[in-house]
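# Descriptive analysis of the structure
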Amino acid sequence: MAEKAVAVGRLMLGEFNDWEEFCRPATVDYSSLPRRQLKSGYADVRRRLETEIEKFCDQNFVSLNTERLAKLYDEILANCGLEIPLKEFERRYGKLHPKALNGAPPHLTISISLWGLKFRFPEDMIAKDIATSLQLIRRAKRTINPYEKLPHKSVSNRTEAFVPSLRNLEFAQRAIVLSCFNLLEAYLNGLAWDYCESHSLEHLSKRKAKLLQDTTSASIREKLDNYPWIISGTSEVPLDGKAEFLEQVKPFRDSLVHPSPFTAPERFGGYQKLQKFYDLDEGIVKLAVVSCLSLIASINHIVTGAKGVPAWCEGIDNEIEWAVTNDS
(Lines give C-alpha, C1' and ligand atoms only; values in the text may rest on other atoms or scores of the structure.)
Protein backbone atom coordinates (compact mmCIF):
# COMPACT_ATOMS: atom_id res chain seq x y z
CA MET A 1 0.00 0.00 0.00
CA ALA A 2 2.77 2.41 0.92
CA GLU A 3 4.60 1.79 -2.39
CA LYS A 4 1.43 2.57 -4.32
CA ALA A 5 0.91 5.75 -2.32
CA VAL A 6 4.45 6.87 -3.07
CA ALA A 7 3.98 6.12 -6.78
CA VAL A 8 0.82 8.25 -6.97
CA GLY A 9 2.53 11.10 -5.15
CA ARG A 10 5.52 10.98 -7.49
CA LEU A 11 3.21 10.82 -10.52
CA MET A 12 1.31 13.93 -9.39
CA LEU A 13 4.67 15.66 -8.97
CA GLY A 14 5.54 14.75 -12.57
CA GLU A 15 8.55 12.61 -11.61
CA PHE A 16 7.96 9.66 -13.96
CA ASN A 17 9.17 9.62 -17.57
CA ASP A 18 7.21 6.50 -18.51
CA TRP A 19 4.50 4.24 -17.11
CA GLU A 20 6.77 1.24 -16.55
CA GLU A 21 8.22 2.58 -13.32
CA PHE A 22 4.80 3.69 -12.09
CA CYS A 23 3.46 0.16 -12.65
CA ARG A 24 6.22 -1.46 -10.59
CA PRO A 25 4.32 -1.60 -7.24
CA ALA A 26 1.60 -3.60 -8.99
CA THR A 27 4.04 -6.08 -10.54
CA VAL A 28 6.53 -6.75 -7.74
CA ASP A 29 5.69 -9.82 -5.64
CA TYR A 30 6.67 -8.57 -2.19
CA SER A 31 5.88 -11.91 -0.58
CA SER A 32 8.75 -13.53 -2.51
CA LEU A 33 11.36 -10.98 -1.43
CA PRO A 34 13.87 -11.89 1.32
CA ARG A 35 12.71 -10.68 4.72
CA ARG A 36 15.72 -8.37 5.15
CA GLN A 37 15.23 -6.78 1.71
CA LEU A 38 11.48 -6.42 2.31
CA LYS A 39 12.01 -4.80 5.71
CA SER A 40 14.60 -2.42 4.28
CA GLY A 41 12.29 -1.54 1.39
CA TYR A 42 9.41 -0.71 3.68
CA ALA A 43 11.66 1.53 5.76
CA ASP A 44 12.75 3.37 2.62
CA VAL A 45 9.14 3.76 1.52
CA ARG A 46 8.16 5.20 4.90
CA ARG A 47 11.02 7.70 4.80
CA ARG A 48 10.06 8.90 1.33
CA LEU A 49 6.38 9.02 2.23
CA GLU A 50 7.04 11.14 5.29
CA THR A 51 9.34 13.62 3.56
CA GLU A 52 8.22 13.90 -0.05
CA ILE A 53 4.67 12.66 -0.44
CA GLU A 54 3.21 13.81 2.86
CA LYS A 55 4.55 17.29 2.19
CA PHE A 56 2.97 17.28 -1.26
CA CYS A 57 -0.37 16.05 0.11
CA ASP A 58 -0.36 18.61 2.92
CA GLN A 59 0.20 21.40 0.41
CA ASN A 60 -2.43 20.28 -2.07
CA PHE A 61 -5.08 18.27 -0.19
CA VAL A 62 -7.16 18.67 2.94
CA SER A 63 -7.65 14.92 3.44
CA LEU A 64 -5.74 12.42 1.34
CA ASN A 65 -4.10 9.59 3.30
CA THR A 66 -2.00 6.58 2.32
CA GLU A 67 -5.02 4.30 1.98
CA ARG A 68 -6.81 6.68 -0.39
CA LEU A 69 -3.62 7.22 -2.40
CA ALA A 70 -3.30 3.46 -2.83
CA LYS A 71 -6.91 3.27 -4.01
CA LEU A 72 -6.22 6.11 -6.44
CA TYR A 73 -3.19 4.20 -7.72
CA ASP A 74 -5.34 1.28 -8.84
CA GLU A 75 -7.67 3.54 -10.84
CA ILE A 76 -4.78 5.39 -12.49
CA LEU A 77 -3.06 2.10 -13.31
CA ALA A 78 -6.12 0.74 -15.10
CA ASN A 79 -6.06 3.55 -17.68
CA CYS A 80 -2.47 4.86 -17.51
CA GLY A 81 -3.81 8.15 -16.22
CA LEU A 82 -6.99 9.66 -14.88
CA GLU A 83 -9.38 12.46 -15.75
CA ILE A 84 -12.17 13.03 -13.27
CA PRO A 85 -14.43 15.95 -12.27
CA LEU A 86 -13.28 17.70 -9.09
CA LYS A 87 -16.57 16.98 -7.34
CA GLU A 88 -16.25 13.25 -7.99
CA PHE A 89 -12.56 13.19 -7.04
CA GLU A 90 -13.25 14.84 -3.70
CA ARG A 91 -16.13 12.47 -2.99
CA ARG A 92 -13.95 9.42 -3.58
CA TYR A 93 -10.49 10.45 -2.45
CA GLY A 94 -10.37 13.73 -0.52
CA LYS A 95 -10.75 17.49 -0.82
CA LEU A 96 -8.20 19.68 -2.51
CA HIS A 97 -6.72 22.59 -0.60
CA PRO A 98 -8.12 25.98 -1.74
CA LYS A 99 -4.56 27.27 -2.17
CA ALA A 100 -3.79 24.45 -4.58
CA LEU A 101 -6.86 25.33 -6.66
CA ASN A 102 -5.65 28.95 -6.85
CA GLY A 103 -8.99 30.29 -7.98
CA ALA A 104 -9.77 27.46 -10.40
CA PRO A 105 -13.55 26.91 -10.56
CA PRO A 106 -15.40 23.98 -8.94
CA HIS A 107 -16.41 22.57 -12.33
CA LEU A 108 -12.79 21.80 -13.25
CA THR A 109 -11.54 18.38 -14.33
CA ILE A 110 -8.58 16.85 -12.51
CA SER A 111 -6.00 15.33 -14.84
CA ILE A 112 -3.27 13.01 -13.54
CA SER A 113 -0.74 11.83 -16.10
CA LEU A 114 3.01 11.76 -16.76
CA TRP A 115 2.70 15.56 -16.87
CA GLY A 116 1.71 15.51 -13.20
CA LEU A 117 -1.39 16.86 -11.48
CA LYS A 118 -3.19 19.39 -13.70
CA PHE A 119 -6.50 21.23 -13.57
CA ARG A 120 -8.50 21.55 -16.79
CA PHE A 121 -11.43 23.88 -17.40
CA PRO A 122 -12.66 25.69 -20.52
CA GLU A 123 -12.05 29.25 -19.32
CA ASP A 124 -8.34 28.61 -18.83
CA MET A 125 -7.94 26.89 -22.20
CA ILE A 126 -9.85 29.57 -24.15
CA ALA A 127 -7.98 32.37 -22.39
CA LYS A 128 -4.73 30.75 -23.49
CA ASP A 129 -6.12 30.57 -27.05
CA ILE A 130 -6.51 34.34 -26.95
CA ALA A 131 -2.97 34.82 -25.64
CA THR A 132 -1.57 32.52 -28.32
CA SER A 133 -3.44 34.40 -31.04
CA LEU A 134 -2.12 37.70 -29.71
CA GLN A 135 1.40 36.31 -29.92
CA LEU A 136 0.70 35.20 -33.48
CA ILE A 137 -0.40 38.74 -34.36
CA ARG A 138 2.76 40.18 -32.82
CA ARG A 139 5.01 37.88 -34.84
CA ALA A 140 3.05 38.50 -38.04
CA LYS A 141 3.25 42.28 -37.65
CA ARG A 142 7.00 42.14 -37.23
CA THR A 143 7.18 40.68 -40.72
CA ILE A 144 4.49 42.85 -42.29
CA ASN A 145 5.34 46.29 -40.87
CA PRO A 146 8.51 46.93 -42.89
CA TYR A 147 6.66 46.23 -46.15
CA GLU A 148 3.79 48.59 -45.28
CA LYS A 149 6.17 51.52 -45.42
CA LEU A 150 7.41 50.71 -48.93
CA PRO A 151 5.82 51.85 -52.22
CA HIS A 152 3.45 49.34 -53.76
CA LYS A 153 5.62 48.87 -56.87
CA SER A 154 8.55 47.73 -54.74
CA VAL A 155 6.57 45.03 -52.89
CA SER A 156 4.09 43.80 -55.50
CA ASN A 157 6.53 41.16 -56.73
CA ARG A 158 7.66 40.15 -53.22
CA THR A 159 4.35 38.93 -51.82
CA GLU A 160 5.75 35.53 -50.85
CA ALA A 161 7.75 37.31 -48.15
CA PHE A 162 4.79 38.74 -46.26
CA VAL A 163 1.51 37.21 -47.47
CA PRO A 164 1.82 34.13 -45.19
CA SER A 165 2.20 36.47 -42.21
CA LEU A 166 -0.76 38.50 -43.43
CA ARG A 167 -2.86 35.33 -43.49
CA ASN A 168 -1.75 34.51 -39.93
CA LEU A 169 -2.66 38.03 -38.85
CA GLU A 170 -6.16 37.85 -40.31
CA PHE A 171 -6.74 34.35 -38.93
CA ALA A 172 -5.62 35.39 -35.44
CA GLN A 173 -7.85 38.46 -35.48
CA ARG A 174 -10.93 36.41 -36.33
CA ALA A 175 -9.96 33.76 -33.78
CA ILE A 176 -9.62 36.36 -31.01
CA VAL A 177 -13.04 37.93 -31.59
CA LEU A 178 -14.69 34.50 -31.57
CA SER A 179 -12.66 33.34 -28.56
CA CYS A 180 -13.60 36.43 -26.53
CA PHE A 181 -17.25 35.47 -26.81
CA ASN A 182 -16.47 31.83 -26.10
CA LEU A 183 -14.47 32.84 -23.03
CA LEU A 184 -17.18 35.09 -21.63
CA GLU A 185 -19.87 32.48 -22.22
CA ALA A 186 -17.75 29.72 -20.64
CA TYR A 187 -17.17 31.97 -17.62
CA LEU A 188 -20.86 32.83 -17.22
CA ASN A 189 -22.01 29.23 -17.75
CA GLY A 190 -19.45 28.05 -15.21
CA LEU A 191 -20.69 30.53 -12.63
CA ALA A 192 -24.26 29.39 -13.22
CA TRP A 193 -23.33 25.70 -12.83
CA ASP A 194 -21.30 26.33 -9.70
CA TYR A 195 -24.20 28.23 -8.15
CA CYS A 196 -26.75 25.55 -9.04
CA GLU A 197 -24.50 22.86 -7.55
CA SER A 198 -23.97 24.68 -4.26
CA HIS A 199 -27.33 26.42 -3.69
CA SER A 200 -30.98 25.54 -3.53
CA LEU A 201 -32.94 27.33 -6.24
CA GLU A 202 -36.23 27.27 -4.34
CA HIS A 203 -35.92 30.95 -3.39
CA LEU A 204 -35.66 31.97 -7.07
CA SER A 205 -38.52 32.60 -9.44
CA LYS A 206 -39.10 29.97 -12.13
CA ARG A 207 -37.75 32.38 -14.75
CA LYS A 208 -34.50 32.99 -12.88
CA ALA A 209 -34.02 29.32 -12.04
CA LYS A 210 -34.54 28.38 -15.71
CA LEU A 211 -32.06 31.05 -16.81
CA LEU A 212 -29.36 29.48 -14.65
CA GLN A 213 -30.16 25.86 -15.46
CA ASP A 214 -30.82 26.16 -19.20
CA THR A 215 -27.65 27.92 -20.36
CA THR A 216 -28.15 26.84 -23.98
CA SER A 217 -31.38 28.82 -24.39
CA ALA A 218 -30.23 32.11 -22.85
CA SER A 219 -28.38 34.61 -25.03
CA ILE A 220 -25.10 36.21 -23.97
CA ARG A 221 -27.01 39.45 -23.38
CA GLU A 222 -29.54 37.70 -21.12
CA LYS A 223 -26.73 36.09 -19.14
CA LEU A 224 -24.95 39.40 -18.66
CA ASP A 225 -28.22 41.05 -17.67
CA ASN A 226 -29.09 38.38 -15.09
CA TYR A 227 -26.36 36.00 -13.91
CA PRO A 228 -24.22 38.40 -11.84
CA TRP A 229 -27.19 39.65 -9.85
CA ILE A 230 -28.91 36.29 -9.37
CA ILE A 231 -25.66 34.69 -8.22
CA SER A 232 -24.46 37.54 -6.00
CA GLY A 233 -27.90 38.50 -4.69
CA THR A 234 -27.00 42.16 -5.08
CA SER A 235 -28.63 45.06 -6.88
CA GLU A 236 -27.75 45.63 -10.50
CA VAL A 237 -24.93 48.08 -11.29
CA PRO A 238 -23.28 48.89 -14.64
CA LEU A 239 -20.82 46.28 -15.90
CA ASP A 240 -17.54 47.63 -17.25
CA GLY A 241 -17.14 46.91 -20.96
CA LYS A 242 -20.69 45.70 -21.49
CA ALA A 243 -21.81 48.38 -23.95
CA GLU A 244 -18.64 48.11 -26.04
CA PHE A 245 -18.79 44.32 -26.10
CA LEU A 246 -22.45 44.03 -27.07
CA GLU A 247 -22.94 47.09 -29.24
CA GLN A 248 -19.60 47.45 -31.04
CA VAL A 249 -17.91 44.03 -31.02
CA LYS A 250 -20.91 41.68 -31.21
CA PRO A 251 -21.93 42.65 -34.79
CA PHE A 252 -18.48 41.57 -35.98
CA ARG A 253 -18.72 38.32 -34.04
CA ASP A 254 -22.21 37.64 -35.47
CA SER A 255 -20.91 38.24 -39.00
CA LEU A 256 -18.13 35.72 -38.40
CA VAL A 257 -20.43 33.09 -36.89
CA HIS A 258 -23.25 33.63 -39.41
CA PRO A 259 -21.54 34.94 -42.59
CA SER A 260 -24.18 35.92 -45.10
CA PRO A 261 -24.75 38.37 -47.97
CA PHE A 262 -28.12 39.22 -46.38
CA THR A 263 -28.19 42.28 -44.16
CA ALA A 264 -28.91 41.90 -40.48
CA PRO A 265 -32.60 42.43 -39.62
CA GLU A 266 -33.49 45.93 -38.50
CA ARG A 267 -33.94 44.72 -34.93
CA PHE A 268 -30.24 43.79 -34.99
CA GLY A 269 -29.07 47.05 -36.50
CA GLY A 270 -29.64 46.43 -40.19
CA TYR A 271 -25.91 46.42 -41.05
CA GLN A 272 -24.23 44.68 -43.98
CA LYS A 273 -22.96 41.42 -42.50
CA LEU A 274 -20.35 40.77 -45.18
CA GLN A 275 -18.93 44.24 -44.73
CA LYS A 276 -18.48 43.60 -41.03
CA PHE A 277 -16.74 40.35 -41.95
CA TYR A 278 -14.32 42.19 -44.25
CA ASP A 279 -13.81 45.24 -42.01
CA LEU A 280 -12.59 43.38 -38.94
CA ASP A 281 -9.31 45.03 -37.98
CA GLU A 282 -6.87 45.48 -35.13
CA GLY A 283 -8.96 48.17 -33.47
CA ILE A 284 -11.96 45.87 -33.13
CA VAL A 285 -9.73 43.03 -31.94
CA LYS A 286 -8.26 45.21 -29.19
CA LEU A 287 -11.72 46.39 -28.19
CA ALA A 288 -12.94 42.77 -28.04
CA VAL A 289 -10.11 41.75 -25.71
CA VAL A 290 -10.27 44.81 -23.46
CA SER A 291 -14.06 44.80 -23.11
CA CYS A 292 -14.14 41.03 -22.51
CA LEU A 293 -11.55 41.25 -19.72
CA SER A 294 -13.29 44.29 -18.25
CA LEU A 295 -16.56 42.36 -18.11
CA ILE A 296 -14.92 39.33 -16.49
CA ALA A 297 -13.16 41.51 -13.91
CA SER A 298 -16.38 43.39 -13.16
CA ILE A 299 -18.42 40.20 -12.75
CA ASN A 300 -15.67 38.59 -10.68
CA HIS A 301 -15.78 41.53 -8.28
CA ILE A 302 -19.57 41.37 -8.00
CA VAL A 303 -19.67 37.60 -7.42
CA THR A 304 -16.56 37.09 -5.26
CA GLY A 305 -15.64 40.55 -3.99
CA ALA A 306 -12.13 40.17 -5.46
CA LYS A 307 -10.63 42.86 -7.68
CA GLY A 308 -9.30 42.18 -11.16
CA VAL A 309 -9.67 39.12 -13.33
CA PRO A 310 -9.80 35.62 -11.77
CA ALA A 311 -6.49 33.98 -10.96
CA TRP A 312 -6.67 31.72 -14.01
CA CYS A 313 -6.51 34.82 -16.22
CA GLU A 314 -3.50 36.39 -14.55
CA GLY A 315 -0.96 34.29 -16.41
CA ILE A 316 -2.04 35.72 -19.78
CA ASP A 317 -2.93 39.22 -18.59
CA ASN A 318 0.54 40.60 -19.31
CA GLU A 319 0.49 39.24 -22.85
CA ILE A 320 -2.89 40.79 -23.52
CA GLU A 321 -1.89 44.07 -21.89
CA TRP A 322 1.24 44.26 -24.04
CA ALA A 323 -0.69 43.48 -27.20
CA VAL A 324 -3.41 46.09 -26.69
CA THR A 325 -1.01 48.89 -25.71
CA ASN A 326 1.61 48.39 -28.45
CA ASP A 327 1.38 48.77 -32.17
CA SER A 328 4.08 46.23 -33.00
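Below, the structure is looked at part by part. Quick caveat, the model's predicted, so the values are computed rather than measured.

On to the side chain of Ser 133, then. For Ser 133, the location among the structural elements is in helix H7 (residues 122–148). Residues in contact with Ser 133, not counting those within four places in the same chain, are Ala 172, Ala 175 and Ile 176.

Phi at Cys 80 is positive, roughly 50°, even though this residue is not glycine. Tracing the chain through its elements places Cys 80 in the loop between helix H4 (66–79) and strand S1 (82–85). The phi torsion at Asn 102 lies on the positive side, around 50°, for a residue other than glycine. Topologically, Asn 102 is positioned in the loop between helix H6 (98–101) and strand S2 (109–113).

This next bit is on the packing of helix H11 (residues 220–232) against helix H12 (residues 242–257). Remark: H11 packs on H12, axes separated minimally by 12 Å, with the N-to-C direction vectors making an angle of 175°. One way to sum up the angle between H11 and H12 is to call them roughly antiparallel. For the pair H11 and H12, contact is made by Ile 220, Arg 221, Leu 224 and Asp 225 and by Lys 242, Leu 246, Glu 247 and Lys 250, respectively. Classifying every residue of the contact of H11 with H12 by side-chain character gives three nonpolar, no polar and five charged.

Another aspect to go through is the environment of Glu 185. Inspection of the secondary structure puts Glu 185 in helix H9 (residues 163–198). Using a relative accessible area of 27% as the deciding quantity, one classes Glu 185 as partly exposed. Beyond its immediate stretch of four places on either side in the chain, Glu 185 contacts Thr 215, Ala 218, Ile 220 and Lys 223.

Now for the sheet that holds S1. Strand order across the open sheet formed by three strands is S1-S2-S3, with antiparallel pairing between neighbours. Edge strands, defined here as strands with exactly one partner in the open sheet, are S1 and strand S3 (116–120). Each neighbouring strand pair of the sheet contributes to a mean axis angle of 20°, computed without reference to strand direction. The pairing of S1 with S2 spans four bridges and is antiparallel. Residue pairing in the sheet places Glu 83 in a bridge with Ser 111 of S2.

Before going further, it helps to spend a moment on the packing of helix H10 (residues 206–213) against H11. For the pair H10 and H11, interaxial distance at closest approach is 10 Å and the crossing angle is 105°. Classified by the angle between their axes, H10 and H11 sit roughly perpendicular to one another. Of the residues in H11, those in contact with Arg 207, Lys 208, Leu 211 and Leu 212 of H10 are Asn 226, Tyr 227, Ile 230 and Ile 231. Counted by class, the contact of H10 with H11 contains five nonpolar, one polar and two charged residues.

Basis of the calculations
Residues numbered from 1 in each chain as written. Predicted model: local features only at pLDDT ≥ 70, side-chain atom pairs only at ≥ 80, totals over all residues. Heavy atoms only, no water. Helix = DSSP H or I, 4+ residues; strand = E, 2+ residues; numbered from the N terminus. Contact = heavy atoms within 4.5 Å. Axes fitted to C-alpha atoms, helices over the stretch in contact; angles between N-to-C directions. Parallel < 35°, antiparallel > 145°, perpendicular 65-115°, else oblique. Nonpolar A, V, L, I, M, F, W, Y, C, P; charged D, E, K, R; others polar. Buried < 20%, exposed > 50% of the residue type's maximum accessible area, 1.4 Å probe, protein only. Pairing = 2+ DSSP bridges.

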